[in-house]
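# Observations on chain architecture
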Amino acid sequence: MTVLYVIIGLIVAAVIVAKLYLCAVGKEKVVVKTDAPFVVESQTDDSIVISKKLTFVNEGKQCATIMDAMVRPQLPYEQYDGVEARGKAEREGEPREDDYFEAVLIQKLGDHNHEDKLNIFAKVKLTPRKGMSLKEALSHMVDLPLDVIWMETGRTPWHYTKVRLTLPAEEIAKLAGVELVKD
């Protein structure tokens, strides 16, 4: 029986030592800076793409992984059905036509290769519906909330995180070069 207690004691001690070690070496801590302005990335007679740079900074002591980043426009047809809004998250310098977001590492703060920061662009493509021109559709536009959602992991179990951006109707009109009509 004494041998069993010794074995259980060693297991408990090993778990405690492992937890103390992990506390000492720290974990990832991803912070997102959303202060960049919205800009027009492209505009045609049929659509406009507006983007905003989000800077992800790992302020923690361990490497983090960002996966499955996406932009979800919150514009139901019940609110405004004159525009179709499609969102996309895209890594800086890594454009993709298939809308897939490839997982990427963000090194710990102070990385000598400066890989402790990552820029991801939140993009939304607005296309007119119901036979309207782009200018007509955007002149009646409403505020557009955008959820930027990503999966994150490191020493902590994977989890989803989200930030909400709001693209005001007035700013959309200004970026598109149209005058907003007050309905």
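Residues numbered from 1 in each chain as written. Predicted model: local features only at pLDDT ≥ 70, side-chain atom pairs only at ≥ 80, totals over all residues. Heavy atoms only, no water.

Okay, unusual backbone geometry next. With phi around 50 degrees, Asp68 is a residue other than glycine that occupies positive phi space. Turning to its location among the elements, Asp68 is positioned in strand E4 (residues 64-73). A residue is classified by how much of its surface remains accessible, and Asp68, at 31% relative accessible area, is partly exposed. One non-glycine residue with positive phi stands out, namely Lys130, at about 60 degrees. One can find Lys130 in the loop between strand E7 (117-128) and helix H2 (134-139). What makes Lys130 exposed here is its relative accessible area of 58%. (Helix = DSSP H or I, 4+ residues; strand = E, 2+ residues; numbered from the N terminus. Buried < 20%, exposed > 50% of the residue type's maximum accessible area, 1.4 Å probe, protein only.)

One pass over the structure, following the stated rule, counts 12 salt bridges. In this structure, Asp147 engages Lys162 in a salt bridge whose closest nitrogen and oxygen atoms are separated by 3.5 Å. One end of the pair, Asp147, is in strand E8 (residues 144-153); the other, Lys162, is in strand E9 (residues 159-167), with 15 residues separating them in the sequence. The class of Asp147 is buried, set by a relative accessible area of 4%. Connected through salt bridges with shared partners, the residues Glu41, Lys88, Glu90, Asp99 and Lys123 form a single ionic network. (Salt bridge = Lys/Arg side-chain N within 4 Å of Asp/Glu carboxyl O.)

Following the sequence through the fold, Ala85 ends up in strand E5 (residues 83-91). With 80 residues separating them in the primary sequence, Ala85 and Leu165 have C-alpha atoms 14 Å apart. When neighbours within four sequence positions are excluded, Ala85 is seen to be in contact with Pro73, Leu75, Val124, Lys125 and Leu126. (Contact = heavy atoms within 4.5 Å.)

Under the counting rule described, the total for this entry stands at two aromatic pairs. Between Phe56 and Trp150 the ring centres are 4.8 Å apart and the planes differ by 75 degrees, which places this aromatic pair in the edge-to-face class. Placement of Phe56 in strand E3 (residues 48-58) and of Trp150 in strand E8 is noted, with a sequence separation of 94 residues between them. Note on accessibility: Phe56 and Trp150 belong to one class, buried. When the ring centre of Phe38 is taken as origin, the NZ or CZ atom of Lys52, which lies over that ring, is 4.7 Å away. Cation over ring: Arg129 sits above Tyr77, and NZ or CZ is 4.0 Å from the ring centre. (Phe/Tyr/Trp six-rings, centres within 6.5 Å; stacked < 30°, edge-to-face > 60°. Lys NZ or Arg CZ within 6 Å of the ring centre and 35° of its normal.)

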